Amino acid sequence: MNQEKRIIAGVYHVSRGLGKHFSLEDINLQVANGEFVFLVGPSGAGKSTLLKLMYMDDFPDKGQVVVGQFVSTRMKRKSIPDLRRKIGIIFQDFRLLEDRTVFENVALAMKVTGAGMPEIKKQITDILTRVGLYHKRYDYPPALSGGEQQRVAIARAVANRPAILFADEPTGNLDPVATKNILELLFKINAGGTAVLMATHDIELVRSFGQRIIYLEEGRVALDKEMIFVGDIRDRIGGSSVSESASRLSEYDITGGEEE
Ligand SMILES: Nc1ncnc2c1ncn2[C@@H]1O[C@H](COP(=O)(O)OP(=O)(O)O)[C@@H](O)[C@H]1O
Ligand SMILES: [Mg+2]
């Protein structure tokens, strides 16, 4: 895809205190349009807290978050739904409406934008086909596997074609096969132009894919690095070129904090 690079989400000198023993401390990061970024760090590092600040479910004590034209320090409560329609969010526990069908779960995300029914139907057919669940459109979430539920959640999150998708441990409840499928789907969605910021505690899961990794440790960015690899999924989705340092990076210990 040949699009001009611009920053669609930025975190600038953000600090957030929570309780006695934890704070996010002077966090700085930027995500460009179409980028795929893994936010990695051990449990308790602050990943969910940071994502919440980015989708503005919470606000910094210091610093600023900017997502599209939305600026945390100037955010009005009534603008929040407007922001949420322009981003996508998925969670470890899917958060689907269990008494609504797959189709309705996705449709509800779209109705709020004021789209008409023919438009909604066409779009949902399209998105459910893309996530491989059109044949289950009349099923209810409890009848689906975890991996399928997460695919519905992804369909719902991207139904309004957001510029960025925030994913908080989206594979945390899934077995290895479903995990791989969800990652492939996220790569596919990213290849369609949606930026993805995915939080996970599982460094082994993500280190082989070649995406940029932001490593969070005790509320600070310990490392922010492009890790270029030749992963098989990357090959299949037609990824970027291979860096000359690829083989060295494959040995790189991300927790070592050794920057060149
Ligand atoms: N609302 C809160 N009040 C107090 N402490 C919190 C709150 N939310 C999270 N924490 C604490 O902040 C730390 C970071 O949590 P979190 O952002 O959920 O980390 P992660 O997603 O990386 O596992 C943890 O120690 C957690 O217990
Ligand atoms: Mg978390």
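Residues numbered from 1 in each chain as written. Chains lettered and ligands numbered in written order. Predicted model: local features only at pLDDT ≥ 70, side-chain atom pairs only at ≥ 80, totals over all residues.

Q: So what exactly am I meant to see when it comes to the site of ligand 1 here?
A: Near ligand 1 you find Leu18, Gly19, Phe22, Gly41, Ser43, Gly44, Ala45, Gly46, Lys47, Ser48 and Thr49, and these make up its full shell. Of the residues that constitute the shell around ligand 1, the class distribution is three nonpolar, seven polar and one charged. (Near = placed C-beta within 6 Å. Nonpolar A, V, L, I, M, F, W, Y, C, P; charged D, E, K, R; others polar.)

Q: Got a minute to help me understand the sheet that holds strand β9 (residues 212-217) in this structure?
A: Hydrogen bonds along the backbone pair up the strands of a sheet, which may run parallel or antiparallel. Within the open sheet, the six strands sit side by side as β6-β7-β8-β3-β9-β10. Their pairing is mixed. Two strands bound the open sheet, and with one partner strand each, they are β6 (87-91) and β10 (220-226). Pairs of neighbouring strands in the sheet enclose a mean axial angle of 15 degrees, with direction left out of account. Pairing geometry for strand β3 (residues 36-40) and strand β8 (residues 195-200), over five bridges, is parallel. Residue pairing in the sheet places Leu39 in a bridge with Ala199 of β8. Along the sheet, helix α1 (residues 47-54) makes contact with β3, β7 (164-168), β8 and β9, crossing β7 at roughly 150 degrees. Running over the sheet, helix α6 (residues 176-191) touches β3, β7 and β8 and is turned about 155 degrees from β8. (Pairing = 2+ DSSP bridges. Helix = DSSP H or I, 4+ residues; strand = E, 2+ residues; numbered from the N terminus. Axes fitted to C-alpha atoms, helices over the stretch in contact; angles between N-to-C directions. Contact = placed C-beta atoms within 7 Å.)

Q: Teacher, can you tell me more about helix α4 (residues 117-130) here?
A: Note on helix geometry: an α-helix contains 3.6 residues per turn, so any two residues three or four positions apart are oriented the same way. The end-to-end C-alpha distance of α4, which contains 14 residues, comes to 20 Å, matching closely the 20 Å that a straight helix rising 1.5 Å per residue would cover. Every buried residue of α4 is accounted for by Ile124, Ile127 and Leu128. The buried side chains of α4 occupy one side of the element, clustering within an arc of 95 degrees when seen end-on. For α4, the exposed residues set more than 90 degrees away from the buried face come down to Pro118, Glu119, Lys122 and Asp126. (Expected span 1.5 Å × (residues − 1). Buried ≥ 20, exposed ≤ 12 C-beta atoms within 10 Å, placed from the backbone. Arc of directions from axis to C-beta.)

Without other data, these values stay purely geometric and don't point to any function.
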